[in-house]
Amino acid sequence: MSLPHTAVPAGRTVLTLSELRPQYGALRDATLHVHGPERIALVGRNGAGKTTLLRTLTGELAPLSGEARTHVPLRFLPQRLDVLDDELSVAANVASRAPGVTDNHIRAQLARFLFKGARAEQPAGTLSGGERFRAALAATMLAAPAPQLLILDEPTNNLDLASVRQLTSALDSYEGALVVSSHDLPFLESIGITRWLLVGEELRETGADEVRDLLEVSSTAEGVAERN
Ligand SMILES: Nc1ncnc2c1ncn2[C@@H]1O[C@H](COP(=O)(O)OP(=O)(O)OP(=O)(O)O)[C@@H](O)[C@H]1O
């Protein structure tokens, strides 16, 4: 699969946050500049405010103060995958987000997401969980204009291994910037994260090693809580 229109030049400003305080969560003052095809992981404890931050980036939620600006076409794949119209076929769902793109091109690209021939005609409301994820991913990544900033919220939650592989492979073809919130370290390490940000009162730069320690501590704490 190739998604060449998603490419972002290295020097291009993609996203700027200026003293941003979202409506909910711990963040009080987030300042951030994202340039070119950076791949950013957002990590943080439950309730820190990762989803709220992502919804603020997309413009869905207004900030309490400060500003979030995106400078390239963006697409958001929310955790609930509610981007599909259940009444429409998979192909029609993609077409509705890709005005001007030919039906042939959409079908060729959909085959790469494993919707071949008649499978592309199936109404979205009748898909299995894994198929639904693939269709939502296709509708997000094949949208026109092509996304140059892709925002994913906990994409591997409730995904089987085959679907995680499909996602990783789609991200291999993607050439734009990425902001992904996740607790899934193996997944994050497999998709070439270039920058790790810990969501707290501020956005703090961190690294995979610190994230591994944090996740181990929190899963141990959950284990202790479950045992008691
Ligand atoms: N619409 C809302 N009204 C009131 N509080 C909200 C609303 N949306 C989110 N919150 C609260 O804001 C905080 C941050 O929530 P958010 O979903 O952004 O966290 P998160 O970091 O994505 O968490 P998780 O890792 O559990 O998904 C939580 O305490 C949540 O209860």
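Look up: the structure comes first, before these words.
Below: a short report on this structure. It should be emphasised that the depicted structure is a prediction, and the values quoted were computed from it without experimental measurement.

This part takes up the site of the ligand. As a structural note, the neighbourhood of the ligand is formed by Y24, G25, G44, N46, G47, A48, G49, K50, T51 and T52. Taken together, the residues of the shell around the ligand break down into two nonpolar, seven polar and one charged.

Quick look at the nonpolar core now. Grouped burial of nonpolar side chains is what soluble globular proteins tend to show. Counting 57 residues, the largest nonpolar core has L42, L137 and A138 as its most contacted members. For this core, the leading source of residues is helix α4 (residues 129-141), giving seven residues. Two domains each donate at least three residues to this core, and these are domain 1 (4-73 + 147-227) and domain 2 (84-144). Among all residues touching L137, those that are not within four sequence positions of it are L77, F113, L167 and A170.

What follows deals with the sheet that holds strand β1 (residues 13-21). On the basis of which strands lie adjacent, the open sheet formed by three strands has the order β2-β1-β4 and antiparallel pairing. Of all the strands in the sheet, just β2 (30-35) and β4 (65-70) have a single pairing partner and so form its edges. In this sheet, neighbouring strand axes are inclined to one another by 5 degrees on average, regardless of whether the strands run parallel or antiparallel. As paired elements, β1 and β4 share five bridges and run antiparallel to each other. Counted as the bridge partner of R21 is S65 from β4.

In this structure, the amide linkage connecting A144 to the following residue, P145, adopts the cis form with an omega of -5 degrees. Backbone geometry places L114, a non-glycine residue, at a positive phi of 70 degrees. With respect to the element layout, L114 can be found in the loop between α3 (103-112) and α4. Positive phi, normally seen in glycine, also occurs at E154, with a value near 45 degrees. Within the secondary structure, E154 sits in the loop between β6 (149-153) and α5 (161-173).

This brings us to the environment of G200. Here G200 is to be found in the loop between β8 (195-199) and β9 (203-206). Residue G200 is classed as partly exposed on the basis of its 16 C-beta neighbours within 10 Å. Expressed as a C-alpha distance, the spacing of G200 and L114, which sit 86 residues apart in the sequence, is 39 Å. Once you skip the residues sitting within four places of it in the chain, G200 turns out to touch A26, G44 and A48.

Bringing the pairing of β6 into the picture now. Of all five residues in β6, five are buried; the element is thus mostly enclosed. Both faces of β6 are covered, namely the face carrying L149, I151 and D153 and the face carrying L150 and L152. Pairing of strand β5 (residues 74-77) with β6, which is carried by four bridges, proceeds in the parallel orientation. The residue bridging F76 from the neighbouring strand is I151, located in β6. Relative to strand β7 (residues 177-181), β6 is paired through five bridges, and the arrangement is parallel. Along β7, the bridge assignment pairs L149 with A177. Note on the crossover from β6 through α5 to β7: the handedness is right-handed.

Looking now at the environment of L74. Looking at where L74 falls in the secondary structure, it is placed in strand β5. L74 sits 17 residues away from L57 along the chain, and the two C-alpha atoms are 9.4 Å apart. Residues in contact with L74, not counting those within four places in the same chain, are T58, P147, L149 and I151.

Of all five residues that make up β7, five are buried, and the element is covered over most of its length. Neither face of β7 is open: one carries A177, V179 and S181, the other L178 and V180, and all of them are buried. One ladder, built from four bridges, connects strand β3 (residues 39-43) with β7; its direction is parallel. Its bridge partner lying in β7, I40 is registered against V179.

Cut-offs and rules
- Residues numbered from 1 in each chain as written.
- Predicted model: local features only at pLDDT ≥ 70, side-chain atom pairs only at ≥ 80, totals over all residues.
- Near = placed C-beta within 6 Å.
- Nonpolar A, V, L, I, M, F, W, Y, C, P; charged D, E, K, R; others polar.
- Core = buried A, V, L, I, M, F, W, Y, C linked by C-beta atoms within 7 Å.
- Buried ≥ 20, exposed ≤ 12 C-beta atoms within 10 Å, placed from the backbone.
- Helix = DSSP H or I, 4+ residues; strand = E, 2+ residues; numbered from the N terminus.
- Domains from an automatic or database assignment.
- Contact = placed C-beta atoms within 7 Å.
- Pairing = 2+ DSSP bridges.
- Axes fitted to C-alpha atoms, helices over the stretch in contact; angles between N-to-C directions.
- Right-handed = clockwise from strand over helix to strand, strands pointing away.

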